[in-house]
Structure formats: C-alpha cells, structure tokens
Amino acid sequence: MYTIYAFCKMVDSAVDEPVPGSHPLEEVRKWRQEVTATYQGHPTQPVTISLGAHLRMFDIPESLLQELITGVEMDLTINRFATFSDLYPYCYRVASVVGLICLKIFQTQSPAAEDYAINLGLAFQLTNILRDLKGDAEQNRIYLPLEDLRRFGYSEEALLHQQPSSALNELVKYECERARTYYQKAQQILQALPPGDQKSLVVAEIMRGVYSRILQQLEDHDYQVFGPRIRVAPMQRLVIAANIWIRSFLSHPLAPSV
C-alpha cells in the first residue's frame, strides 16, 4: 500500500507540483514508459523497483496503472467539464482505478467488490472536488459540471472569484447529495459481500468513514466552500478507524460511520 500510494503521489506531483524547468506532459510520457518497463522486468526508479515485486505477487494488470496515468494527464488538458457524464471518466480514472488496484492487494473474492471500489472511488473524488473548490478556482480549474452551475444560476466567473451566494449553497448541496448517493451505493454493495470480503475491506471502510466525515462537515458548515480547507482532526480519524476496526472483528456488517 505504501508503494502504491508513493507511485500515485509521484505521478500526480509531476502534473500538479512540477519541478521547475520540467515539462509535465513529458514526465507523464516517461511514467508510462516506466510502467511498461516495470511489467517487462526492467524498472529503473526506486518506486517502480518496489512496485515490480508487488505487481507480480498480486497480479495487478498494467491497464489499471496506465488508466490512472491517463486520469492524471487529463489535468494538463482539461479544466472544465460540460456534464457529469464528462466528469465521470476523470473521477473513475483518478480514484476508482486506485480502488480497483487496492482490491488486488486486499485479495477480495467476490466480483461485486469491484462495484464497491468504483462507487467508493467516485464518492471520494466528488468529496475532494467539493473540498478543493477554492484551491482549484485559484488555478482556473472547475471540476463541477458546468451544466450544474447553469442549473443553479451560478456563473464560472463567480466561482473563480470565490463569490458566496445562495445559488452556490444550493449548488454545493446538490453535489453533496450526489456524493452521498455513491457512498450509499458502496455501503449497500459492501453489506451484500461475503463476510471474508467485508473484513478484507476494513482499510477501505476506514477511508470511507473519514471521507464521509469530510462531507458531513461541509454540510454542517452550510456548504461554505471558500473558507479554510476542511480536515478531519487526527483524534477523529483515530476514533473512526477504531470503531470500524472493532466492528469488523465482531463480525457485524460494517455500518456507516456518520
């Protein structure tokens, strides 16, 4: 998991936090080549040398890693999404695909676990988009579907200039409800999985608990997205993790944390 996280972080940083003088598109191309070389048994970077051993052990397909890179690459060429249908592939690639990779490590058995990972990844990414509206606006990025902005009468310019309004509140409330729908779908799928798979997904459920709390805090703050970035305090994260961990060992179905 440390290696997967490190790989994802390094690819993402090549685009979002490029080294001065670097060319992000070229860096992405190099990571694609490095992934292919790793699957051919010739990794050259410390993270991919570590990754290579895990890829063989857990049978992680190259297509998933390449799909992840495709998602990260979209940040270089796309900063607006006309519809949710346009946004969906981006969310799938940068979040759901990571979940599908993790399933290989968790070694779930039921094919339905893939639906769980896909829905949970979408929920995570939608939560991130809402939490990061301010930071993204500062970089001229709008990840909320433009059709939704029009629906609630809130303009791109108002978002880029971080202008609060009742229209923005209604827009964010709508997007929170969409994210919560995906959390609920993931929860329903989880409850139908075999007990062994439920226990294998404890780490994912802890993340669900933390990200659900982020969404809850956004709702509790009346959808104010231009203030300080919402975070879950370390003690809260510990409590969420402990509760979910204990429930898993008591062999009860994992219930929502919020």
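The structure presented is a predicted model; accordingly, all values stated were derived computationally and were not measured. (Residues numbered from 1 in each chain as written. Predicted model: local features only at pLDDT ≥ 70, side-chain atom pairs only at ≥ 80, totals over all residues. Heavy atoms only, no water.)

S.K.: Hey, could you run me through the environment of Y211 in this one?
M.R.: Relative to the assigned elements, Y211 resides in helix α12 (residues 202–220). With relative accessibility at 18%, the residue Y211 sits in the buried group. Expressed as a C-alpha distance, the spacing of Y211 and N119, which sit 92 residues apart in the sequence, is 13 Å. Once residues lying within four places of it in the same chain are set aside, the contact partners of Y211 are F124, T127, N128 and Y183. (Helix = DSSP H or I, 4+ residues; strand = E, 2+ residues; numbered from the N terminus. Buried < 20%, exposed > 50% of the residue type's maximum accessible area, 1.4 Å probe, protein only. Contact = heavy atoms within 4.5 Å.)

S.K.: Teacher, can you tell me more about the nonpolar core here?
M.R.: Taken as a class, soluble globular proteins show a tendency for nonpolar side chains to be buried jointly. Counting residues in each nonpolar core, the largest one holds 82 residues, and the members touching the most others are F7 and V172. A per-element tally of this core places helix α5 (residues 84–106) first, with 13 residues. Beyond its immediate stretch of four places on either side in the chain, F7 contacts W31, V35, V47, L51, L65, L68 and I69. (Core = buried A, V, L, I, M, F, W, Y, C linked by side-chain atoms within 4.5 Å.)

S.K.: Looking at this structure, I do not really get the confidence of the model for the chain. What am I missing?
M.R.: Any residue range with low pLDDT should be treated as having predicted coordinates unsuitable for detailed reading. For the chain, per-residue confidence averages 94 on the pLDDT scale, and residues scoring 70 or more make up 97% of the total. Ignoring residues within four places in sequence, the model shows residues 253–258, a span with pLDDT below 50, making 25 contacts including any to other chains. (pLDDT = per-residue confidence, 0-100.)

S.K.: Would you take a moment to explain helix α1 (residues 2–16) for this structure?
M.R.: Since the α-helix turns once every 3.6 residues, residues separated by three or four places project in the same direction. Compared with the 21 Å implied by 1.5 Å per residue over 15 residues, the 20 Å span of α1 between its first and last C-alpha is a close match. Among the residues making up α1, those that are buried are T3, I4, F7, C8, V11, S13, A14 and V15. Tucked into the core, α1 has its buried residues touching α2 (24–39), α3 (46–58), α4 (62–77) and α5. (Expected span 1.5 Å × (residues − 1).)

S.K.: Please clarify how the environment of F84 should be interpreted in this entry.
M.R.: Residue placement: F84 occurs in helix α5. Judged by its relative accessible area of 13%, F84 is buried. Spatially, the C-alpha atoms of F84 and Y143 are 9.5 Å apart, while their sequence positions differ by 59 residues. The contacts of F84, once residues within four sequence positions are left out, are L126, P145, E147, R178 and Y182.

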